[in-house]
Amino acid sequence: MYAVIQRAGHTTLRVDGKLISEIPFGLVVYIGIKIGDSEDKCEVFANKVSKLRIFEDANGKMNLSVQDVGGEILLVSQFTLCADCSRGNRPNFSYAEKPERANELYELTAQKLRERGLTVKTGVFGADMKIEQFNDGPVSIIYEI
């Protein structure tokens, strides 16, 4: 699994102009499922994201998690994170998991995050999504498991 985890303010996700998901603040997590990823990785991923201390405390130090600050998570499936750009100029997506299996693991990851008491909104798997995101910081973390 690959992820880009971004601390964000108000963020919206639309498909065909229709509002699908919205968070007031928290984390926008773009996740790419690669071939060979398993249910176990969903558990580890949810544990890490829920406890990742990237929000500032009263002293301005990144010491608080999304749970600590009462933020929400917008989880967005993004197979393009699995791109191999090592040859030529056209990305190769052969490391991305097949759509049906990737969607299963994406939905399981959302469930595992919710089991930790988090409010999790999602995009529409495989859709052309339009995301308006207010980056906070900006703080962007790249995570691979």
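I will try to describe carefully the structure that is included in this document.

About the cut-offs
Residues numbered from 1 in each chain as written. Predicted model: local features only at pLDDT ≥ 70, side-chain atom pairs only at ≥ 80, totals over all residues. Heavy atoms only, no water. Helix = DSSP H or I, 4+ residues; strand = E, 2+ residues; numbered from the N terminus. Rg over C-alpha atoms; globule rule 2.2 N^0.38 Å. Buried < 20%, exposed > 50% of the residue type's maximum accessible area, 1.4 Å probe, protein only. Contact = heavy atoms within 4.5 Å. Areas by Shrake-Rupley, 256 points an atom, 1.4 Å probe, with all protein chains shown as cover. Expected span 1.5 Å × (residues − 1). Core = buried A, V, L, I, M, F, W, Y, C linked by side-chain atoms within 4.5 Å. Pairing = 2+ DSSP bridges. Phe/Tyr/Trp six-rings, centres within 6.5 Å; stacked < 30°, edge-to-face > 60°. Lys NZ or Arg CZ within 6 Å of the ring centre and 35° of its normal.

## Comments concerning the overall build of the chain
Okay, so step 1: If you tally the helices and strands in the chain, you get 3 helices and 8 strands.
Okay, so step 2: Relative to the globule expectation of 15 Å for 145 residues, the C-alpha radius of gyration of the chain, 15 Å, shows essentially globular dimensions.
Okay, so step 3: With the C-alpha coordinates of the chain rotated into their principal frame, the extents come out at 45 × 35 × 30 Å.
Okay, so step 4: Split into buried and exposed, the 145 residues of the chain put 41% on the buried side.
Okay, so step 5: Contacts in the chain between residues far apart in sequence, at least 24 positions, make up 72% of those at least 6 positions apart.
Okay, so step 6: Within the structure as shown, the chain displays about 8000 Å² of accessible surface, and the carbon and sulfur contribution to it stands at 49%.

## Points about helix α3 (residues 99-114)
Okay, so step 1: When the terminal C-alpha atoms of α3 are compared, their 22 Å separation across 16 residues agrees well with the 22 Å that a helix rising 1.5 Å per residue should span.
Okay, so step 2: Among the residues of α3, those classed as buried are A102, L105, Y106, L108, T109, A110, K112 and L113.

## What to know about the nonpolar core
Okay, so step 1: With 27 residues, the main nonpolar core has I5, L27, V29, I73 and L75 as its most contacted residues.
Okay, so step 2: It is α3 that provides the largest number of residues to this core, a total of 6 residues.
Okay, so step 3: Sequence-distant contacts of L27, defined by excluding residues within four places in its chain, comprise I5, Q6, R7, V49, I54, F55, V66, E72, I73 and L74.
Okay, so step 4: Counting 10 residues, the second largest nonpolar core, distinct from the first, contains V4, L13, V15 and Y30.

## Overview of the pairing of strand β1 (residues 2-15)
On a regular strand, each side chain points to the face opposite its neighbour's, so the side chains alternate between the two faces of the sheet.
Okay, so step 1: The buried fraction of β1 amounts to 11 of the 14 residues, a majority that puts the element mostly inside the structure.
Okay, so step 2: The sheet contact formed by β1 and strand β8 (residues 129-144) spans 11 bridges and is antiparallel. Its bridge partner being in β8, T12 is matched across the sheet by E132.
Okay, so step 3: Sheet topology places β1 next to strand β2 (residues 18-23); 5 bridges connect them, and they run antiparallel. By the bridge assignment, T11 is partnered in β2 with I23.

## Considerations on the environment of F125
Okay, so step 1: Secondary-structure assignment places F125 in the loop between β7 (120-122) and β8.
Okay, so step 2: Between the C-alpha atom of F125 and that of E72, which follows or precedes it by 53 residues, the distance is 19 Å.
Okay, so step 3: Those residues in contact with F125, other than ones at most four positions away along the chain, are S77, P99, A102, N103 and Y106.

## What to know about unusual backbone geometry
Okay, so step 1: The amide bond that connects G137 to the next residue, P138, takes the cis arrangement and shows omega of -10°.
Okay, so step 2: Inspection of the secondary structure assignment puts P138 in strand β8.
Okay, so step 3: The backbone phi angle of D16 is positive, close to 55°, even though this residue is not glycine.
Okay, so step 4: Relative to the elements of secondary structure, D16 occurs in the loop between β1 and β2.
Okay, so step 5: The class of D16 is exposed, set by a relative accessible area of 78%.

## Some thoughts on the packing of aromatic side chains
Okay, so step 1: Enumeration over the complete set of coordinates arrives at 3 aromatic pairs.
Okay, so step 2: For the pair F45 and Y143, a centre-to-centre distance of 5.8 Å together with 35° between the ring planes defines the contact as tilted. With F45 in helix α1 (residues 39-51) and Y143 in strand β8, the pair connects residues that are 98 residues apart, well separated along the chain. We note that F45, like Y143, is buried.
Okay, so step 3: Sitting over the face of the ring of Y2, K34 holds its NZ or CZ atom 4.5 Å from the ring centroid.

Purely spatial values, then, with no claim about function.
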